[in-house]
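What the coordinates show
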Amino acid sequence: ARPLLIAIDGPAGAGKGTLARRLADYYHLAQLDTGLSYRAVAHKLIEKGWPLDDAGHAIEAARLVDLGHLDRTVLSAHAVGEAASKVAVIPEVRRILVGKQRAFSRKPEGAVLDGRDIGTVVCPDADVKLYVTASAQVRARRRLNEIEEKGGHAEFSEILADIQRRDERDMGRADSPLRPAADAHLLDTSEMDIEAAFLAAKAVVDDVLAKRSKV
Ligand code: C5P
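Here the structure is a predicted model, which is why all the values come from computation and not from measurement. (Residues numbered from 1 in each chain as written. Predicted model: local features only at pLDDT ≥ 70, side-chain atom pairs only at ≥ 80, totals over all residues.)

Of all five residues that make up strand 3 (residues 111–115), five are buried, and the element is covered over most of its length. Because side chains alternate across strand 3, one face comprises the buried residues A111, L113 and G115, and the other comprises V112 and D114, equally buried. Sheet topology note: the strand 1 (residues 5–9)/strand 3 ladder contains five bridges and is parallel. By the bridge assignment for strand 3, A7 is matched with L113. Across four bridges, the pairing between strand 2 (residues 30–33) and strand 3 is parallel. (Buried ≥ 20, exposed ≤ 12 C-beta atoms within 10 Å, placed from the backbone. Helix = DSSP H or I, 4+ residues; strand = E, 2+ residues; numbered from the N terminus. Pairing = 2+ DSSP bridges.)

Okay, structure coming up:
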């Protein structure tokens, strides 16, 4: 059978990452969090003290990104995500990273990729496209819970404002804005826990697999 390719898009904090991991485990697929590649570019600029709108250095950093060696712990910092959304507006940075992400999507065992433009730009031919959302309030609440579970402190209103700013930047940019592909299945997780979201996504994938085995 042709390898299965799943594309997951949605705004920051909607639960794409957790869902992608669960689906990759369940269907034995390779998994790529494409946000990490934009984060790697941003991290390099921050480390070197270069401005985030320095396209020349950002492009150089994008060329050096190795998808097999992205350190999630280093890149997960909130400030890096914020900075990533700034370098992600540079078209040449996107072009370079999209090329690497597409190569990854052709893994013989199949793959699940998550990000902002997977169903629309990176893998328009994906077998299954999911657009995962949740209200900004719910996403802010989840983020606050994560921070507090790690013993940290934050203001709900600040987290909410951050999320809204990031949404605006990701949905409002000219190149590859965040939006659902025409053929994406919408999954609003505002009222779902991880298990319910997984089961809903699994139902969509199983349906596609069943139809595929009939042709
Ligand atoms: O998903 P994550 O929070 O790690 O993504 C960080 C930023 O990288 C996003 O806010 C977005 O601006 C950018 N990004 C993107 N396209 C992707 C994945 C992430 O523009 N496919």
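This next bit is on the UniProt feature "domain: Cytidylate kinase" (unreviewed entry) in the protein chain. As annotated by UniProt and renumbered to match this structure, "domain: Cytidylate kinase" (unreviewed entry) occupies residues 6–195. A helix fraction of 54% and a strand fraction of 12% characterise residues 6–195, whose end C-alpha atoms lie 18 Å from each other. (UniProt positions renumbered as here; feature names shortened; annotations may be inferred.)

So, about the environment of I147. The residue I147 is located in helix 8 (residues 136–149) in this model. Exposure remark for I147: the 14 C-beta atoms within 10 Å place this residue in the partly exposed category. Not counting the four nearest positions on each side in its chain, I147 is found in contact with G152 and A154. (Contact = placed C-beta atoms within 7 Å.)

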